[in-house]
Amino acid sequence: MLSERRLEVLRAIVQDYVGTEEPVGSKALTERHRLGVSPATVRNDMAVLEDEGFIAQPHTSAGRIPTDKGYRLFVDKLAGVKPLSSPERRAIQNFLDGAVDLDDVVGRTVRLLAQLTRQVAVVQYPSLTRSTVRHVELLSLAPARLMLVLITDTGRVEQRMIDCPAPFGETSLADLRARLNSRVVGRRFADVPRLVQELPESFDSEDRGTVSTVLSTLLETLVEETEERLMIGGTSNLTRFGHDFPVMIRPVLEALEEQVVLLKLLGEATDSGMTVRIGHENAHEGLNSTSVVAVGYGSGDEAVAKLGVVGPTRMDYPGTMGAVRAVARYVGQILAES
């Protein structure tokens, strides 16, 4: 275990390196921070930190920089989550409040996260596998043609056209709409097939064909929409950090283009807690020089999707964690009110 003083030295090294982009020496540390000890003592502490793998010497520089292990200790033990200022919080709320639908909420969230953190922002659409049905609307377009509208608890709206095997009257349509909603409203998508399987039998024989067709379309919609989607923004921010990537930026950009990789990254975030993956903790080789900060968001206690940012390991972790957490909270509130 490192002593409190050595932890303070590591904290100072991380803060200075993130702020200045320059390797940090013992003389600069004693000048900038009130460590209460001489440069010689700080040099000795830095030698111990280096021996234990928390800092390293890049090339021939006299200074030291944090390693992945050093950043990990900083995040776990030393970094609090930096709260946003009142003006920042108001700006987030005002920007997100202007959203008109779910696509707009996700799009605005991506832009906001990228601007706040100056990193790459990734936002997953609410997962329909965890969603519940808010309402199913059935509209008559012609005697044998209907429109089905599925509305989820996260504000997602899906429309499907249905060609019926026979004309279907307004009375039967109202009856089907009422019975269907009484069974599925507030229920998870996964439960819907079981809840509606016996519904056709409760209708007159001449209407059963249409009822079965409507239910088939509804179930197909549920299956189609469980495919995960996400939006990414701010990749141009990475060009500001060219020197932070040891070889070149291309492997990072290529990894970011792979939706499967991003979904896996976000998937590692727990429902409510924040996940910070640093450097080589990221399984994908292209992201070994990056850090990922992600958290779940949702309209209640349970997360329905994840959002986060990807940037260089030389990251303002307290500020980034604060921004990601605040944005997730506001998006959750919007979904709850929508």
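Residues numbered from 1 in each chain as written. Predicted model: local features only at pLDDT ≥ 70, side-chain atom pairs only at ≥ 80, totals over all residues. Heavy atoms only, no water.

- Per an unreviewed UniProt entry, the protein goes by Heat-inducible transcription repressor HrcA and derives from Streptomyces globisporus.
- UniProt's Function (unreviewed entry) comment on the protein is quoted here verbatim: "Negative regulator of class I heat shock genes (grpE-dnaK-dnaJ and groELS operons). Prevents heat-shock induction of these operons."
- UniProt, in its Sequence similarities (unreviewed entry) section for the protein, records the words "Belongs to the HrcA family." (UniProt positions renumbered as here; feature names shortened; annotations may be inferred.)

### Let's talk about the environment of P66
And then number 1: Mapped onto the secondary structure, P66 falls in strand β2 (residues 65-66).
And then number 2: Distance from P66 to F54, taken between C-alpha atoms, is 6.0 Å for residues 12 residues apart in sequence.
And then number 3: Not counting the four nearest positions on each side in its chain, P66 is found in contact with I13, V14, Y17, F54, I55 and Y71. (Helix = DSSP H or I, 4+ residues; strand = E, 2+ residues; numbered from the N terminus. Contact = heavy atoms within 4.5 Å.)

### Quick look at a nonpolar patch on the surface
And then number 1: A cluster of nonpolar residues, L139, L141 and M161, forms a patch on the protein surface that exposes about 260 Å² of accessible area.
And then number 2: Assignment of secondary structure puts L139 in strand β4 (residues 133-142). (Patch = residues over 30% accessible without salt bridge, like charges linked within 9 Å, V, L, I, M, F, W, Y side chains within 5 Å. Areas by Shrake-Rupley, 256 points an atom, 1.4 Å probe, with all protein chains shown as cover. Salt bridge = Lys/Arg side-chain N within 4 Å of Asp/Glu carboxyl O.)

### What about the side chain of T109?
And then number 1: For T109, the location among the structural elements is in helix α6 (residues 102-117).
And then number 2: Ignoring any residue separated from it by four or fewer positions in sequence, one finds T109 in contact with L96, V123, L307, V327 and V331.

### A word on the nonpolar core
And then number 1: Ranked by size, the top nonpolar core spans 59 residues in total, and within it L29, L307 and Y317 carry the most contacts.
And then number 2: If one sorts the elements of this core by residue count, helix α12 (residues 317-337) sits on top with 11 residues.
And then number 3: Counting contributing residues, this core receives three or more from each of domain 1 (2-75) and domain 2 (84-125 + 227-335).
And then number 4: Those residues in contact with L29, other than ones at most four positions away along the chain, are V9, A12, I13, D16, V24, L35, V42 and M46.
And then number 5: Counting 23 residues, the second-largest nonpolar core is a separate cluster that includes L146, L176, L180 and L199. (Core = buried A, V, L, I, M, F, W, Y, C linked by side-chain atoms within 4.5 Å. Buried < 20%, exposed > 50% of the residue type's maximum accessible area, 1.4 Å probe, protein only. Domains from an automatic or database assignment.)

### Quick look at the domain arrangement of the protein
And then number 1: Structurally, the protein comprises domain 1 (2-75), domain 2 (84-125 + 227-335) and domain 3 (127-223).
And then number 2: Spacing between the C-alpha centres of domain 1 and domain 2 amounts to 28 Å.
And then number 3: At the junction of the two partners, domain 1 supplies 8 residues and domain 2 supplies 16 residues.
And then number 4: Regarding the contact of domain 1 and domain 2, the summed buried area is about 990 Å², with carbon and sulfur atoms giving 60% of it. (Buried area = accessible area lost by both parts, 1.4 Å probe.)

### Brief notes about a positive patch on the surface
And then number 1: Taken together, the side chains of R89, R90, R325 and R329 make up a positively charged region of the molecular surface.
And then number 2: For the positive patch, the secondary-structure elements that each account for two or more residues are α5 (86-97) and α12.
And then number 3: Mapped onto the fold, R89 is located in helix α5. (Lys, Arg positive; Asp, Glu negative; His and termini not counted. Charge placed at Lys NZ, Arg CZ, Asp CG, Glu CD.)

### Remarks on helix α3 (residues 39-51)
It helps to recall that an α-helix has 3.6 residues per turn; residues three or four apart then point in one direction.
And then number 1: An ideal rise of 1.5 Å per residue puts 18 Å on 13 residues; α3 measures up with 18 Å between its terminal C-alpha atoms.
And then number 2: What α3 keeps buried is the set V42, D45, M46, V48 and L49. The arc that holds the buried residues of α3, viewed along the axis, is 160 degrees, so those residues lie on one side.
And then number 3: On its buried side, α3 packs onto α1 (4-20), α2 (26-32) and β1 (55-56).
And then number 4: Once α3 ends, the next one or two residues include G53, with phi positive near 85 degrees. (Expected span 1.5 Å × (residues − 1). Arc of directions from axis to C-beta.)

### Structural notes on the packing of helix α4 (residues 68-78) against α12
Two numbers describe a pair of packed helices, the interaxial angle and the distance between the axes.
And then number 1: Taken N-terminus to C-terminus, the directions of α4 and α12 make an angle of 55 degrees; their axes are 11 Å apart at the nearest point. One element, α4, and the other, α12, form an angle in the oblique class. Considering the relative orientation of α4 and α12, their crossing is right-handed. Every residue of α12 that contacts α4 at Y71, F74 and V75 is listed here: Y317, P318 and M321.
And then number 2: Residues belonging to the contact of α4 with α12 are distributed by class as follows: 6 nonpolar, no polar and no charged. (Axes fitted to C-alpha atoms, helices over the stretch in contact; angles between N-to-C directions. Parallel < 35°, antiparallel > 145°, perpendicular 65-115°, else oblique. Left-handed = near helix turned anticlockwise from the far one by under 90°. Nonpolar A, V, L, I, M, F, W, Y, C, P; charged D, E, K, R; others polar.)

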